[in-house]
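Analysis of the macromolecular model
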Amino acid sequence: MGASAEEIELVYRDRYVGFRNALATVSGSQDTARDAVQEGFARALASRAQFRGGSLEAWIWRIALRCGLEAGRSRARFVVNGSLGALDPQLLEPERDPELAAAVRALPPRRRLMIFLRYFADLSYTEIAEACEVAEGTVAATLAQAHAGLAVQLDAEGERR
């Protein structure tokens, strides 16, 4: 099946900011994220014949997330089989909102990843499922758990003030 260079370029033009923002949480900086986005799209172009259908953007996300991991390997853990579930994304500037940063940090890495893909990268549940190679129901459940965890953490933080 494959994907055309033009289709990949269109995803790049339309979604660059989302890729950069989400990869920054994985790689550790905006500069590293920019490089990881470039590398991810270059790899996608080089291997576009391997695209077998589904969401092109989700396929590119899998590639780009791995590039973000490689770029920020000192901050992220990458399990032996290359599973994206082992990513450990973090807010870049926790000092801007220490309570939110602490609440996000308290979430397990998989929940953080899905929060960042949903709200930093603006991916749909379907796209997150394809990018992370999980069922859409798993995305919904994981995000619901993440929202509940954030609410508990932020409520507890508010009570401490």
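1. Regarding the packing of helix α1 (residues 5–27) against helix α2 (residues 30–46)
For the pair α1 and α2, the least separation of the axes is 8 Å and the interaxial angle reads 145°. Note on packing geometry: the crossing formed by α1 with α2 is right-handed. Only Gln30, Thr32, Ala33, Arg34, Ala36, Val37, Gln38, Phe41, Ala44 and Leu45 of α2 make contact with α1, whose side of the interface consists of Ala5, Ile8, Val11, Tyr12, Tyr16, Phe19, Arg20, Asn21, Leu23, Ala24 and Ser27. Looking at the contact of α1 with α2, its residues break down into 14 nonpolar, 5 polar and 2 charged.

2. Comments concerning the confidence of the model for the protein
Mean pLDDT over the protein stands at 85; residues scoring 70 or higher make up 88%. When the criterion is pLDDT under 50, residues 74–82 qualifies, and its contacts beyond four places in sequence or with other chains add up to 20 contacts.

3. Focus: the packing of helix α5 (residues 109–119) against helix α6 (residues 125–132)
Between α5 and α6, whose axes approach to 10 Å, the crossing angle comes to 130°. With respect to α6, the element α5 is oriented oblique. Here α5 and α6 pass one another in a crossing that is right-handed. For the pair α5 and α6, contact is made by Leu113, Met114, Leu117 and Arg118 and by Tyr125, Ile128 and Cys132, respectively. Within the contact of α5 with α6, the residues separate by chemical class into 6 nonpolar, no polar and 1 charged.

About the criteria used
Residue numbers here run from 1 along each chain, matching the order of that chain's written sequence. This being a predicted model, a pLDDT of at least 70 is required before a residue's local features are given, and a value of 80 or more before pairs of side-chain atoms are given or counted; all residues contribute to the totals for chains, interfaces and linings. Only hydrogens and water are set aside; all other atoms, that is, all heavy atoms of the structure, feed into the side-chain values. Axis definition: a line fitted to C-alpha atoms, over the contacting stretch in the case of helices. Angles run 0 to 180 degrees between N-to-C directions. Per the convention used, a helix needs a DSSP run of H or I reaching at least four residues, while a strand needs a run of E reaching at least two, with both numbered from the N terminus. The sense of a crossing depends on the near helix, which, turned anticlockwise from the far helix by less than a right angle, makes the crossing left-handed and, turned clockwise, makes it right-handed. Contact definition: two residues touch when any of their heavy atoms are within 4.5 Å. Here the nonpolar group is Ala, Val, Leu, Ile, Met, Phe, Trp, Tyr, Cys and Pro; Asp, Glu, Lys and Arg are the charged ones; every other residue, Gly included, is treated as polar. A score from 0 to 100, pLDDT tells how confident the predictor is in each residue. What sets the label is the angle itself: under 35 degrees gives roughly parallel, over 145 gives roughly antiparallel, 65 to 115 gives roughly perpendicular, and the rest give oblique.

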